[in-house]
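An overview of the molecular structure
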Amino acid sequence: MRRYGRASRLVLLLLCVMYLITYLDRVNVSTAAAGFAPEFHLDKTQIGLVFSGFAYSYLLVQIVGGWISDRYGARRTLIACGVIWSGATVLTGLAGGLTSLLLARLILGLGEGATLPAATTAMSRWVPSDQRGYAQGITHAAARIGNAIAPAVIVLIMSARGWRASFYVCAAMGFAWVLLWALTFTEFPADHPRVSREELARLPAPATTKTHAAPRWLPLFRRMAPVTAVYFCYGWNLWLFLSWIPLYFLHSYRLDLAQSAMFASSVFFAGVLGDALGGIVTDGLLRRSGSRAVARSGMVSVCMLLTALALLPLAFLHGRSVSLACLSGGFFFAEMTIAPMWAIPMDIAPAFAGTASGMMNTGSALAAIVSPVVSGYLIDRFGSWRLPFVCDVLLLATGLALTFRMCPEEPFEEASVPVRTRA
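Residues numbered from 1 in each chain as written. Predicted model: local features only at pLDDT ≥ 70, side-chain atom pairs only at ≥ 80, totals over all residues. Heavy atoms only, no water.

**Re the overall build of the chain**
A count of helices and strands for the chain gives 15 helices and two strands. Taking 2.2 N^0.38 as the reference for a compact globule, 423 residues should give roughly 22 Å; the C-alpha atoms of the chain span a radius of gyration of 20 Å, in line with that estimate. Counting the 423 residues in the chain, one finds 59% classified as buried. Nonlocal contacts in the chain, meaning residues at least 24 apart in sequence, comprise 86% of its contacts between residues at least 6 apart. Distance from the positive charge centre (33 side chains) to the negative charge centre (21 side chains) of the chain: 3 Å. (Helix = DSSP H or I, 4+ residues; strand = E, 2+ residues; numbered from the N terminus. Rg over C-alpha atoms; globule rule 2.2 N^0.38 Å. Buried < 20%, exposed > 50% of the residue type's maximum accessible area, 1.4 Å probe, protein only. Contact = heavy atoms within 4.5 Å. Lys, Arg positive; Asp, Glu negative; His and termini not counted. Charge placed at Lys NZ, Arg CZ, Asp CG, Glu CD.)

**Some points on the pattern of salt bridges**
A complete count under the given rule lists eight salt bridges for this structure. Here Arg125 makes a salt bridge to Glu187, at a shortest N to O gap of 2.8 Å. With Arg125 in helix 5 (residues 115-126) and Glu187 in the loop between helix 7 (163-184) and helix 8 (197-202), this pair connects stretches of sequence that are 62 residues apart. We note that Arg125, like Glu187, is buried. Among the ionic pairs, Asp347 bridges to Arg296, the shortest N-O distance being 2.8 Å. (Salt bridge = Lys/Arg side-chain N within 4 Å of Asp/Glu carboxyl O.)

**Comments concerning the environment of Pro350**
Looking at the secondary structure, you find Pro350 in the loop between helix 13 (338-348) and helix 14 (353-382). Remark: the alpha-carbon pair of Pro350 and Thr120, spanning 230 residues in sequence, is separated by 9.7 Å.

**Regarding the packing of helix 11 (residues 292-311) against helix 13**
Taken N-terminus to C-terminus, the directions of helix 11 and helix 13 make an angle of 140°; their axes are 9 Å apart at the nearest point. The angle between helix 11 and helix 13 falls in the class oblique. Every pair of crossing elements has a handedness; the one defined by helix 11 and helix 13 is left-handed. Contact residues: helix 11 offers Arg292, Ala295, Arg296, Met299 and Val300, while helix 13 offers Pro340, Met341, Ala343, Ile344 and Asp347. Of the residues contributing to the contact of helix 11 with helix 13, the split by class is seven nonpolar, no polar and three charged. (Axes fitted to C-alpha atoms, helices over the stretch in contact; angles between N-to-C directions. Parallel < 35°, antiparallel > 145°, perpendicular 65-115°, else oblique. Left-handed = near helix turned anticlockwise from the far one by under 90°. Nonpolar A, V, L, I, M, F, W, Y, C, P; charged D, E, K, R; others polar.)

So, to be careful, I would describe these as geometric facts and stop short of saying anything about function.
Here it is in structure tokens:
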């Protein structure tokens, strides 16, 4: 943080809090399933459908949400998003069955779909270019803190007030963040009342002016396609963990709810460390080597390999300690890929960072639809909690092979198509 000024630190802190809240809202349902699944008589496949429900609308909003944030700004985009996702969290607590649960999750995806692209738009203006990996790493570390505390927090609230109350508490946090963001964030650093001249000099020159422009869509889509494919493979791993880890410990080792929450939180805290370290390492590699191919693609490939190697013993060994070590190690290395992956859209297309990152994140959004349902089906069909991890290792190997086609060192041509706006 030494290279950040006071205003930049505030922006980064606000984004960290947003990431924490949004991921808390995404994974609270995994722990709350222990309460609503018996009440609504849901099997594992139906639970997996609930887990993936938000991802359908989340996927649809990614690219358009990124474009909206590039055109209209991160401030307005995230205010609208926050109101929608917090309202959806309230509706989840009011659900009366599978249908209403799915509807609430779809609305949640609609609200959260543009959050990460919009945050990337903000970072492209508020973060020094050689600190992009750190910024992405620390914000995603905050997201994993949301994942890590969710099981314990949700169990605590469920024990005192029931599973519905846990969603009302999460919603209140979201509405509070929206108010704080609206009162303190400005779209451009030069407009912020607390930014100094020294701080402004360290920040990137605006990649675009305040007049709006649209990217060359098809060339940008083609340029981002390999990045999106790699992120799908990562996303499969992520959503397997976020959706099923609490229930994995609950059912595989016949633990009670509190014990399973403790084990799940331990795994997710390993991700916090991976995200933070990944940001430091990728920026350090970039400064030392001067090569984005090494700092981004090379690092992602190594981390995907280490993730697969960490998870492979789960196919052959069984035991709580072994599972905890393998899952924690796997999640740690998987999360080390986050900072270089989210820095790549800013490296490739800084003028359209929101749009490019939205394209990339469609990979994870698609994985969020497929991974929980396929994993739930495998558990129901074969009665095995190991098979989902075997599939995960195969996807990681595929992602590793594709990393060498991302080419972050080759920037996208920033020729754009002017968009007519009212005077």
